[in-house]
Amino acid sequence: MDPGVKIINVECGSCFSLGRTESGDVYSWGWNGHGVLGHGKGYFSHAPTRIAALGSIDRKVVSIAAGANMCAAVVESSQCPIQYRYLLD
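Just so you know, these numbers come straight off a predicted model, no measurement behind them.

### What to know about the overall build of the chain
Scanning the chain from N- to C-terminus turns up zero helices and seven strands. Shown N-terminal to C-terminal, the secondary structure of the chain runs as helices and strands in the order β-β-β-β-β-β-β. Of all 89 residues assigned to the chain, the portion counted as buried reaches 35%. Taking the contacts inside the chain whose residues are at least 6 apart along the sequence as the reference set, 32% of them involve residues at least 24 apart. Only carbon and sulfur atoms are counted for the fraction: they give 55% of the accessible area of the chain, which is about 5,100 Å².

### Regarding the pairing of strand β6 (residues 71–77)
Extensive coverage of β6 is indicated by the burial of five of its seven residues. With seven bridges connecting them, strand β5 (residues 59–66) and β6 associate as antiparallel partners. When the sheet's bridge partners are listed, Ile 64 is paired in β6 with Ala 73. Remark: four residues form the turn of the hairpin made by β5 and β6, two consecutive strands paired antiparallel.

### Observations concerning the sheet that holds strand β4 (residues 45–50)
Spatial ordering of the open sheet is given by β1-β2-β3-β4, a layout of four strands whose pairing is antiparallel. Strands at the two margins of the open sheet, each flanked by one partner only, are β1 (7–12) and β4. The average undirected angle you get between the axes of adjacent strands in this sheet is 20°. As defined by bridge partners, strand β2 (residues 16–21) adjoins strand β3 (residues 26–30) across five bridges and the pair is classed as antiparallel. Bridge pairing links Leu 18 to Ser 28 in β3.

### Digging into the pairing of β3
Of all the five residues making up β3, four are buried; the element is thus mostly covered by neighbouring parts of the structure. The hairpin formed by β2 and β3 contains four residues between the paired strands, and Gly 24 there has a positive phi angle of roughly 95°. As defined by bridge partners, β3 adjoins β4 across three bridges and the pair is classed as antiparallel. Each bridged residue has a counterpart across the sheet, and for Ser 28 the counterpart in β4 is Thr 49.

What counts, and where the lines are drawn
- Residues numbered from 1 in each chain as written.
- Predicted model: local features only at pLDDT ≥ 70, side-chain atom pairs only at ≥ 80, totals over all residues.
- Heavy atoms only, no water.
- Helix = DSSP H or I, 4+ residues; strand = E, 2+ residues; numbered from the N terminus.
- Buried < 20%, exposed > 50% of the residue type's maximum accessible area, 1.4 Å probe, protein only.
- Contact = heavy atoms within 4.5 Å.
- Areas by Shrake-Rupley, 256 points an atom, 1.4 Å probe, with all protein chains shown as cover.
- Pairing = 2+ DSSP bridges.
- Axes fitted to C-alpha atoms, helices over the stretch in contact; angles between N-to-C directions.

Spatial relationships are all this shows, so hold off on functional conclusions.
Spelled out as structure tokens, the structure:
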């Protein structure tokens, strides 16, 4: 995670965590079973890693949630006011 990034919201699953930044990016870390971290399947992330699929110039994550083995984000977009998107693709 880049220096100066400020996490304003954290959600915890059974063995992983999510953090939402002031700018609307989402970072994830921990156990990545079934690709729950949003980075593809198959590894453990020891450090917060930005979920690239959620952030862009015209999108901002406004809320995150985590459960035992799932996570979700509410995304505000210039094309559609609010979208509900699962982090798993």
